[in-house]
Amino acid sequence: DMAVRHYTLDFTLSTPVDSASVVPGLVSIFHEQELTETIHDTNGHGYLATFIGKNGRLVILRVHSHGLVTIDLQCHEDDNIAQLDNVSDQELPALVRGAKVDRYWPTADGRLMEYDIDEVVYEEDSAYQNIKILHSRQYGNILVLDGDVNLAESDLAYTQAITGNGRENYTGKEVLILGGGDGGILAELVKQKPKMVTMVEISFYRLCSVIDGCKMHMRRTCGNTLDNLKGDCYQILIEDCVPLLKKYVQEGRTFDYVINDLTAIPISTAPEEDSTWEFLRLILDLSIRVLHPKGKYFTQGNSVNLKEALSLYEEQLGKLSCPVDFRKEVVCVPSYLEQWVFYTAWKK
């Protein structure tokens, strides 16, 4: 499984020039590498050529008429091709394509980030979701669900933010966690000796598969809390959370804290996201209905850059059957590589 390195190089000439005056100097570099040149017709819009070497090296050279020069170079990972240092000092690190471990993951606002991932330590691909736990040299093991970076062992800041950042006293309190299959929230709360923490997931299958992976490979996050479904002050319920919440509403059951760690708010307001927004509204409404009159509701929002989605979520907070006030906090979660918004809500 030989990976391919993809080098990119962009620079702009000081003044727009005719490509004929700059191309010979650039082309001579590739000829020295014994690359065969093929020139392509651009209908007068600058210069475009491909260069191919005997060992599979490929270079695409484009000189735009307004002065921008772009060079793409592809070679095998073990190919000690001379770098293009004599062309420009702005060469970017190589993109590695086709490697055994994918190190590129998008942020919520659509920017591609490269992680220092060197190993897939766990993977399960079920009919319900794809679960990966990847090892990063600086973030530890990272839980990735359906291609979304969920939580790394480095991300205590996330757990602290979604539990009130040290402002709350959970001792002797009743707490409901929705989601949280990585065990991070549960592990932090049991340290404070609550009366009882009840944890429940979206579905039986999601909870079981996430717990199985995390209790083996995310122990810096979950400790030993996922080893058993019951402890002195917690219980993990293997059932769907929506019917359970509806049952709690009917019974008049309330909690001092409800922590919703099921999913980030949708990043899009497009029609195909309607079902996700509908689910989010249902969970939000049921959660507030089981909240003690003096209780607090905690949840994550999304990237601070997704202002439209965050505004729409705040509109939902204003439309609940039980009126609420809220505040938000922006936190840097290490493995997310972006600022993340968290919400606290309470009954008016």
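Structure first, text after, so check above.
A quick note: this is a predicted structure, and the numbers were derived from the prediction, not measured. (Residues numbered from 1 in each chain as written. Predicted model: local features only at pLDDT ≥ 70, side-chain atom pairs only at ≥ 80, totals over all residues. Heavy atoms only, no water.)

Caption draft 1: Looking closely at helix α6 (residues 241-251). Considered for burial, the residues of α6 that qualify are Cys241, Val242, Leu244, Leu245 and Tyr248. The arc enclosing the buried residues of α6, seen along the axis, measures out at 160 degrees, which places them on a common side. Summarising the geometry of α6, the exposed residues directed more than 90 degrees from the buried face are Pro243 and Gln250. Once α6 ends, the next one or two residues include Gly252, with phi positive near 75 degrees. (Buried < 20%, exposed > 50% of the residue type's maximum accessible area, 1.4 Å probe, protein only. Helix = DSSP H or I, 4+ residues; strand = E, 2+ residues; numbered from the N terminus. Arc of directions from axis to C-beta.)

Caption draft 2: Spatial organisation of the sheet that holds strand β16 (residues 255-261). The sheet built from seven strands is open, its strands ordered β15-β14-β13-β16-β17-β19-β18 with mixed pairing. Every interior strand has two partners, whereas the edge strands, β15 (234-240) and β18 (324-333), have only one. Strand-to-strand twist of the sheet, defined as the mean angle between neighbouring strand axes without regard to direction, takes the value 20 degrees. The pairing of strand β13 (residues 174-179) with β16 spans five bridges and is classified as parallel. Each bridged residue has a counterpart across the sheet, and for Val175 the counterpart in β16 is Tyr257. Together, β13, β14 (196-201), β15 and β16 form the strand contacts of α6, whose direction differs from that of β15 by roughly 110 degrees. (Pairing = 2+ DSSP bridges. Axes fitted to C-alpha atoms, helices over the stretch in contact; angles between N-to-C directions. Contact = heavy atoms within 4.5 Å.)

Caption draft 3: Local environment of helix α8 (residues 307-317). Along α8, the positions that sit buried rather than exposed are Ala309, Leu310, Tyr313, Glu314, Gln316 and Leu317. Each buried residue of α8 lies within a common arc of 150 degrees when the element is viewed along its axis, so the set occupies one face. α8 presents Lys307 and Glu308 as exposed residues on the side facing more than 90 degrees away from its buried surface.

Caption draft 4: Seen up close, unusual backbone geometry. For Asp146, which is not glycine, the phi dihedral falls at a positive 50 degrees. Within the secondary structure, Asp146 is located in the loop between β11 (140-145) and β12 (148-152). Overall, Asp146 belongs to the partly exposed group, its relative accessible area being 47%. For Lys193, which is not a glycine, the phi torsion comes out positive at approximately 55 degrees. Looking at the secondary structure, you find Lys193 in the loop between α3 (184-190) and β14.

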